[in-house]
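# Breakdown of the fold
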Amino acid sequence: MDVKIESSWKNKLSEEFEKPYFGTLTTFVKGEYMAGKTIYPPPKQIFNAFEHCSFDAVKVVILGQDPYHGPGQANGLCFSVSDAVKQPPSLQNIFKELESDLGKPIPDSGNLERWADQGVLLLNATLTVQARSAGSHQGKGWEAFTDAVIKKLSDEKENLVFILWGRYAQDKGAVIDEQKHLVLKSAHPSPFSAHSGFFGSKPFSKANAYLIMHGKNAIDW
């Protein structure tokens, strides 16, 4: 199957694209768009996380769950919103922790492409969603695909940082080889859980210290 995705990922994931589940998934997603439903993100941004961060460039992986399902929010990068879009509560809390951890002022824009372009793979478990219907595209095949992405990174690279916020991301990260990589786990930045261990977890400074220790450039968060 010819999937429009960044070339290094296309090469690494070529076997996944030929598996029956991926054909079924593609048929489902195309059908949702063709049925006139509002699906996020726009088709050209479904694989945006990969476009901004090639396989070779990956240094840090942050796992999310679903794309945002409000108008204009999702841009294909987990926790990120497009420029001029109001920052959702979880993203606001991420920036608060960043300010506390590294003294970075809270930015005006919630667009995290600047992180992705430095080697941060901002990967949702499910890459599409129907408007105003959280979880609507779960269980359709995306999870198998993103599991394969995580395993490929864990198996073929060394000294990555995986940032797993919340139980869902931590369960999904079970395939990561913690002997080869740094896995940072904490509560989710959602307002419902941020005060239960997300605030004060210092993921950004810990990630940078590990990268520097292994001869890699730190991320300018």
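Bear in mind the structure is a predicted one, so any value in this text is a computation, not a measurement.

## Quick look at helix α9 (residues 203–213)
Those residues of α9 that fall on the buried side of the exposure criterion are Pro-203, Phe-204, Ala-207, Asn-208, Tyr-210 and Leu-211. All buried residues of α9 fall inside an arc of 160° around its axis, so they share one side. Opposite its buried face, α9 presents the exposed residues Ile-212 and Met-213, each directed more than 90 degrees away. The inward-facing, buried residues of α9 contact β2 (60–64), α5 (89–102), α6 (113–116), β5 (161–165) and β6 (182–186). At the exit of α9 stands Gly-215, carrying a positive phi of roughly 75°.

## Observations concerning the pairing of β2
Of all 5 residues making up β2, 5 are buried, and the element is well covered by its neighbours. Burial along β2 is two-sided: the residues Val-60, Ile-62 and Gly-64 and Val-61 and Leu-63 are all buried. Pairing of β2 with β5, which is carried by 4 bridges, proceeds in the parallel orientation. Note on β5: the bridge partner recorded for Val-60 is Val-161.

## Observations regarding the side chain of Ser-190
Within the secondary structure layout, Ser-190 lies in the loop between β6 and α9. Using a relative accessible area of 14% as the deciding quantity, one classes Ser-190 as buried. When neighbours within four sequence positions are excluded, Ser-190 is seen to be in contact with Ser-90 and Asn-93.

## A word on the environment of Asp-101
Turning to its location among the elements, Asp-101 is positioned in helix α5. The exposure class assigned to Asp-101 is buried, which follows from its relative accessible area of 12%. For the pair Asp-101 and Phe-198, spaced 97 residues apart in sequence, the C-alpha to C-alpha distance is 11 Å. Beyond its immediate sequence surroundings of up to four residues, Asp-101 is in contact with Lys-202, Pro-203, Phe-204 and Ser-205.

## Comments concerning the packing of helix α3 (residues 20–34) against helix α7 (residues 142–156)
Direction vectors running N to C along α3 and α7 enclose 125°, while the axes themselves pass 9 Å from each other. Between α3 and α7, the interaxial angle falls into the category oblique. The chirality of how α3 crosses α7 is left-handed. Along its contact with α3, which presents Tyr-21, Phe-22, Leu-25 and Val-29, the element α7 presents Trp-142, Ala-144 and Phe-145. Tallied by class, the residues present in the contact of α3 with α7 amount to 7 nonpolar, no polar and no charged.

What counts, and at which threshold
- Residues numbered from 1 in each chain as written.
- Predicted model: local features only at pLDDT ≥ 70, side-chain atom pairs only at ≥ 80, totals over all residues.
- Heavy atoms only, no water.
- Buried < 20%, exposed > 50% of the residue type's maximum accessible area, 1.4 Å probe, protein only.
- Helix = DSSP H or I, 4+ residues; strand = E, 2+ residues; numbered from the N terminus.
- Arc of directions from axis to C-beta.
- Contact = heavy atoms within 4.5 Å.
- Pairing = 2+ DSSP bridges.
- Axes fitted to C-alpha atoms, helices over the stretch in contact; angles between N-to-C directions.
- Parallel < 35°, antiparallel > 145°, perpendicular 65-115°, else oblique.
- Left-handed = near helix turned anticlockwise from the far one by under 90°.
- Nonpolar A, V, L, I, M, F, W, Y, C, P; charged D, E, K, R; others polar.

Structural measurements only, silent on function.
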